[in-house]
Amino acid sequence: MLYALKKTKSDRIVDGILYGGLILFSLATLFPIYFVIIMSITPYTEVLRNGGFVIFPNVFTFEAFKTIFGSNVVPKALQVTVFITIVGTACNLAITTLLAYPLSKKFLPGRNIVLMGIVFTMLFSGGIIPTYLVVKGTGLMNSLWALIIPGLVSSFNMLIMKTFFEGLPNEIEEAAKVDGCNDFGTLLRIVLPLSMPIIATLGLFYGVNHWNAYFGGIMYLTDRELYPLQVVLRNMIVSPTVSQELAVPQSSLDALPPETIKMATVVVAIVPVMIIYPFLQKYFVKGMLLGAVKG
């Protein structure tokens, strides 16, 4: 027999307050994204008519997107960002996995010493100047690898993956070894297929970090051809004229306000992540929960 739980008046009031608060919080979170998208497709005359603040424009235009993609700067920066994100994330996941898997085995000699060293780096870092000197000393300056190699492994992400590996049943790996698999074969054929939730989660972490990275580009790159998209966007914000950063004549931008060009570039920067995230969301939640069960 099924019993329906009848809510009292006070329960309904509390539910209404909670749902109302969640709706307001969601709107406050989504409004900046909505405002950026609206400003990127709003004509200059519409912006002037509304005093520079437009919520519901009457006319739309995509001239800003035509302008930024008509320039060689933004498409080139987008290619660089895609390269850094894909290659950097693949390298991050490979090295993190190869480090986390052996450290998940308690019989590994020197395991505790290595873990203590990794945790130490989470509490104390070399700092900006020593890191810069290391990058310069290794010959990575003015190279895209300077944006990938210095942050090749995140200690926090490695510990999450190690904890996930520790939660996998040992019997599965023992059965694989009985069938003739060595440690590397067990990792590739048994462990990794079972670890897709944590791999997708950490891949999202690493990917978003690479996509949004701009500090490394400012520190280690002097060739403007190598600038990632976030550095170009940052330079557009601090530059006195947008045309100077886009390397286009100022006359071609007279019909568009600088803020519209900047907002269009922001949309180009955030849309790919917004598209990819829903496909990884289920792995994201599951991976974080499974990776945080054990300490």
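Look a little higher up for the structure.
Described below are features of the structure shown in this document. As the structure is a computational prediction, the values presented were derived from the model and not from experiment.

**Details of the packing of aromatic side chains**
Taken as a whole and judged by the stated rule, the model has eight aromatic pairs. Here the aromatic rings of phenylalanine 62 and phenylalanine 65 are separated by 6.3 Å at their centres, their planes lie at 45°, and the arrangement is tilted. On the basis of relative accessible area, phenylalanine 65 is assigned to the buried category, the value being 17%. Ring pairs connect the aromatic residues Phe31, Tyr34 and Phe35, which therefore count as one cluster.

**Remarks on the layout of surface pockets**
Approximately 770 Å³ is the volume found for the largest pocket. Along its surface, the largest pocket is lined by 26 residues, and Thr131, Pro150, Gly151, Val153 and Asn209 are the ones closest to its centre. Mapped by element, the contributors of at least two residues to the lining of the largest pocket are α5 (111-123), α6 (128-137), α7 (155-166), α10 (196-212) and α11 (215-220). Here the element with the most residues in the lining of the largest pocket is α10; it accounts for four residues. Taken together, the residues of the lining of the largest pocket break down into 14 nonpolar, 12 polar and no charged. In this structure, the second largest pocket encloses a volume near 350 Å³. As for the second largest pocket, its lining consists of 16 residues, and the residues nearest its centre are Ser104, Lys105, Phe107, Asn170 and Glu173. Mapped onto the lining of the second largest pocket, the elements with two or more residues apiece are α4 (73-103), α7 and α8 (170-178). Its residues assigned to classes, the lining of the second largest pocket shows six nonpolar, two polar and eight charged.

What counts, and where the lines are drawn
The residue count restarts for each chain, going from 1 along the sequence in the order it is written. With pLDDT at 70 or above as the cut-off, local features in this predicted model cover only qualifying residues; side-chain atom pairs require 80 or more to be listed or tallied, and sums for whole chains, interfaces and linings still use all residues. The side-chain numbers reported here are obtained from all heavy atoms of the structure, hydrogens and water having been left aside. Classification of ring pairs uses Phe, Tyr and Trp, with its six-membered ring standing for Trp, and accepts pairs whose centres are within 6.5 Å; under 30 degrees between planes counts as stacked, over 60 as edge-to-face, and the remaining range as tilted. Any residue under 20% of the maximum accessible area for its type is buried, any over 50% is exposed, and the rest in between are partly exposed; the area is computed with a 1.4 Å probe on protein chains only. Each cavity reported here is a set of points on a 1 Å grid over the protein atoms alone in which a 1.4 Å probe fits but cannot get out, each pocket an open set with protein on both sides within 12 Å along at least five of seven lines, and each lining residue one with an atom within 4 Å of a point. Grid points are joined across faces, edges and corners, and a volume is the space filled by probe spheres set on the points. Secondary structure follows DSSP: runs of H or I at least 4 residues long count as helices, runs of E at least 2 residues long count as strands, and numbering of each begins at the N terminus. Amino acids outside the nonpolar list (Ala, Val, Leu, Ile, Met, Phe, Trp, Tyr, Cys, Pro) and the charged list (Asp, Glu, Lys, Arg) are all regarded as polar, and Gly is one of them.

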